[in-house]
Amino acid sequence: MQGIRAYAAAVVGVGMMLTTGAAIAETPKYGGHFTYVVPAKGPPSFDAHRETTYAVIHPVRPYYSTLLRVNPQNPADPADFVCDLCVGDVPKGTNDGKTFTFKLHEGVKFHDGTPLTSADVKATFDRIIFPPKGVSSARKSFYKMVESVDTPDASTVVFQLKYASTSFIPALAAPYNFVYSKAKLDVDQRWYEKNILGSGPFVFKEYQPGAFMTGEKNPDYYLKGLPYLDKITAIFANKESIQVQALRGNRASAQFRGFPPKTRDDLVRALGDKATVQETDWNCVLLATPNHTRKPFDDVRVRRALTLAVDRWGGSQYLSKIAIVKTVGGIVYPNHSLAATKEELQQMDGYGADLEASRAKARALLEEAGMDLSKTYIFNNRGVDQPYKIVGVWLIDQWRQIGLKFEQKVQPTGPFYATLRESGDFDVSIDFNCQSIVNPPIDTSKYLSSDVNPANYSRVVDRKLDGLYEDMLLEADPAKQRVKMRAYEKYVLHDQVTQMITLWWRRTTVHRSHFKGWKVSPSHYLGQALDTVWLDPDADK
Amino acid sequence: MSPGSILLEKPMHKYLVKRMLMMVPTLVGAAILVFTLMHMIPGDICALRYAGTGGSFDAGLIEICRDELGLNRPLYVQFFTWLGGFFVGDFGESMWTGRAISEEIGVRAVLSLQVAIMATIVSVIIAIPLGTISAIRQNTWIDYVVRCFSIAGIAMPSFWLGILIMLGLLWTTQHWFGQAWIPPIQYVSPFEDPIGNLTQLIWPALATGYRYSAVATRMTRSALLEVLREDYIRTARAKGVIEKLVVNRHALKNSMLPVVTVIGIEFAFLMGGLVVTEQVFNLNGLGKLFVDSVTNHDYALTQALVMLVAFIFVMMNIVIDLIYAWLDPRIRYS
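The structure presented is a predicted model; accordingly, all values stated were derived computationally and were not measured.

Caption draft 1: Focus on the state of the cysteines. Under the defined criterion, the tally for this structure stands at three disulfides over all chains. Two residues share a disulfide in this structure: cysteine 284 of chain A and cysteine 434 of chain A, whose sulfurs sit 1.8 Å from each other. Linking cysteine 284 of chain A in strand β11 (residues 275-290) with cysteine 434 of chain A in strand β14 (residues 428-434), this pair joins segments that are 150 residues apart in sequence. For the residue pair cysteine 284 of chain A and cysteine 434 of chain A, the accessibility class agrees, reading buried in each case. At a sulfur-sulfur separation of 2.1 Å, the disulfide partner of cysteine 46 of chain B is cysteine 65 of chain B. Disulfide cysteine 46 of chain B to cysteine 65 of chain B: torsion about the S-S bond roughly -75°, handedness left-handed. Note that cysteine 46 of chain B is positioned in helix α3 (residues 45-51) and cysteine 65 of chain B in helix α4 (residues 61-69), a separation of 19 residues in sequence. Going through chain A in sequence order and numbering each bonded cysteine, the pairs you get are 1-2, 3-4.

Caption draft 2: Structural context of the pattern of salt bridges. Under the counting rule described, the total for this entry stands at 50 salt bridges over all chains. Among the ionic pairs, lysine 29 of chain A bridges to aspartate 536 of chain A, the shortest N-O distance being 2.6 Å. A residue pair is termed long-range when its members are at least 10 positions apart, and lysine 29 of chain A in the loop between α1 (2-20) and β1 (33-38) and aspartate 536 of chain A in the segment after β17 (534-535) qualify at 507 residues. A network of salt bridges, in which partner residues are shared, links Arg50, Glu51, Arg190 and Glu193 of chain A together with Arg49 and Glu68 of chain B.

Caption draft 3: Representation of the environment of leucine 185 of chain A in the model. Residue and element names in this part refer to chain A. Position of leucine 185 relative to the elements: it lies in helix α5 (residues 182-187). The exposure class of leucine 185 is buried, given its relative accessible area of 3%. For the pair formed by leucine 185 and valine 384, sequence separation is 199 residues and the distance between their alpha carbons is 38 Å. When near neighbours in sequence (up to four residues on either side) are disregarded, leucine 185 contacts Ala123, Arg127, Tyr180 and Tyr192.

Caption draft 4: Examining the packing of aromatic side chains more closely. All names here are of chain A. The full count for this structure, using the stated rule, is 45 aromatic pairs over all chains. For the pair phenylalanine 256 and phenylalanine 515, a centre-to-centre distance of 5.8 Å together with 65° between the ring planes defines the contact as edge-to-face. With phenylalanine 256 in the loop between β10 (254-255) and α7 (261-271) and phenylalanine 515 in strand β16 (residues 515-516), this pair connects stretches of sequence that are 259 residues apart. Here phenylalanine 256 matches phenylalanine 515 in class, with each residue buried. Against the face of tyrosine 176 rests arginine 139, its NZ or CZ located 3.4 Å from the ring centre. Its guanidinium or amino end placed over the ring of tyrosine 351, arginine 312 lies 4.6 Å from that ring's centre, counting from NZ or CZ.

Caption draft 5: Layout of the interface of chain A and chain B. Counting residues at the interface gives 58 residues for chain A, matched by 51 residues for chain B. Between chain A and chain B lies a buried interface of about 4,400 Å² when both sides are counted; carbon and sulfur atoms form 52% of it. Together, Lys41, Pro209 and Arg251 of chain A form the three largest contributors to the area buried by chain A at its contact with chain B, with a combined 14%. Taken together, the connections running from chain A to chain B amount to five salt bridges. Across the pair glutamate 68 of chain B and arginine 50 of chain A runs a salt bridge, and its minimum N-O distance is 3.1 Å. Counting every contact that joins chain A to chain B gives 14 residue pairs in polar contact (both at pLDDT 80 or more). Element by element, the count of residues in the side of chain A that touches chain B is highest for helix α13 (residues 413-423) of chain A, at seven residues. Of the residues assigned to the side of chain A that touches chain B, the class counts are 25 nonpolar, 19 polar and 14 charged.

The rules behind each value
Residues numbered from 1 in each chain as written. Chains lettered and ligands numbered in written order. Predicted model: local features only at pLDDT ≥ 70, side-chain atom pairs only at ≥ 80, totals over all residues. Heavy atoms only, no water. Disulfide = S-S within 2.5 Å. Helix = DSSP H or I, 4+ residues; strand = E, 2+ residues; numbered from the N terminus. Buried < 20%, exposed > 50% of the residue type's maximum accessible area, 1.4 Å probe, protein only. Salt bridge = Lys/Arg side-chain N within 4 Å of Asp/Glu carboxyl O. Contact = heavy atoms within 4.5 Å. Phe/Tyr/Trp six-rings, centres within 6.5 Å; stacked < 30°, edge-to-face > 60°. Lys NZ or Arg CZ within 6 Å of the ring centre and 35° of its normal. Buried area = accessible area lost by both parts, 1.4 Å probe. Polar contact = N/O pair within 3.5 Å; in protein donor to acceptor, adjacent residues only side chain to side chain. Nonpolar A, V, L, I, M, F, W, Y, C, P; charged D, E, K, R; others polar.

Functional significance is not addressed by these values, which are geometric in nature.
Pasting the structure below:
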């Protein structure tokens, strides 16, 4: 009975978080040691310019500042950015949207006491956008529009663009853009791979490889009154059972990546009102990628049949109960202004309201293409349960409904990517597109021809596809860009079915209720500065 | 004679040198095997690093990464570079983290060594008395209970027992004290916080020590039973020596040879083989590092770890041989 009451209370709590988007405003308390688990083995290096994993962002982000960031008070809005190192509002572009001028906070210091000036910001972005030889910058291509970074004085940074772009400000707000010390970079461009020196809300204290990282409050933090916490510790725990036990046993107050629905329910049942659940759509989507160099998947009729067979609306309803997927969408993150509406989606193959009609059309297309239905095809999948294997099993069943037989070949991550990238020994494969900042013009580059973007594993080469993307990317007017995005999306998902979208991921976080001030965002890379979060010991009483 | 003084004897010098020299081809063989096997696994550390997160990344990044790590060089060059470094004590750097391999291993080895020692102590404390009682009370209810206890230990994987311990702690503390409790999941050195350290490590030591003790208990029982049937034991009893002295002084020491072998090999196994148990308790030990390095395709680290484990096994065998010589003078003088 007690369990049922706790569950009901937590479900009410979840409902409140989902409907109001925030807990009741409370006065933050200072002090405390915040411990959280990072569901990873540890960061490969500390250099976020180089890395692409949240295993760097979760433990290391609190030690750094960025020029811009997603508004920590409203992270659910994919277009609400605020200044971090800069002052005032996010600048609007001048010179036809080609010049952006940022004024920096005065008196900002790195944790070693040296001042942070515009020279450091310039050195940081020069390294990201124009990396010197031998320096790896993972997201250099996000900044193709940037011509130069200038520093007219010690507290002003000016970005000069080649062309106006709607993707520039979101790209600047990426959580990877830690501002580094120019002095350190001048001596060794790779110094930051093994060392931490930032100007963020916390000062780095200790790292034990693969185990934990600790930091203490930065008393000289430039955002006055912040941070609230005295100390933070990130504990690396790759196994979900440990993360759950750590939350239940109060060894950790939060895990920021997210949990599957069943784990959420178990935690809520065990902790009752001591657990707080927050949910949102996730800027990650699971794809089904046909191999365009393999017969018969080089035939657009076969690819159209594959997408027509999939019941996305029904799948959303049932799969969301057992897997971290939920929302039906196109190639753009569903809550963004560039995303397709339900009506627009329903115009495309595989999104129609009449499933039986879609499947009848799929069977007809297979017959027209002369598809050999006696043959078993290979479906390549990644050996990870959530959500890959679950959605993989579902997809195979969907295709079985139109007479297609697929054998699932599940492989560990290394061999899985070797198959995708090198051998190409698959007919259709699972793949995913998972981004940090919601920046659709950049995020949708995944669907470009494989010779333009090798991360498209379908091996498609189609210049019309690339042209449609380029046209959309270079459009500076948001309304016109939306129209062009629809054309690009329709070509990818309907006309050529170069790839198929299954379902968008659903992010569900569970943390102890004494952990306050944190709001869920569409990406597990965001909201990790931890300067606005606090602990309320009274919540445990 | 103490075990240490055995090393000072001349025949033992020769023996030790011979064993040390034999270690070299063993290690080289292990090196060739692991290098070949690692390179046969499909996949690439650079692709995994950048493509594995599903995010966008610059197209040229993987080639830069491969160049940086030397993966574009011919395989034989990679092998001899690594082997050359290994024999001058330079293990190189982890390909995944860029940190010195000695640093990566050092942090974990301390924890693994401590768990191995604690588990061995737990095991010896349980196994020797139980095995002895079981042998001298053969076919009594005590013997049956001990045999059941030890068979259960062999049948039960230590990671499963670990899971039961964790869940048991959560459940019992929740019901008795109203607040669930689990051991710390963050390692603290025994020199900084001995209580905290013990609170964390006693549970994995018990989980692994139980399984370990089960094997040793059965070995102790069967070896002691065999020795108790020897003529010299019968002679001692015929001379009127009390049973306690017969067992402790004459039988037990002579029955320890196979038990020492089991304990030694289990100890070596614990240093790198506690893969799943470490995950259950979130221990940052060598077993977890091993799995991480293989899944990351970190050839350099995996190879170093295999060599380390091979070295531990070889050294453990030498230590076992020395203990044999201490326990049995016939071996010492042969």
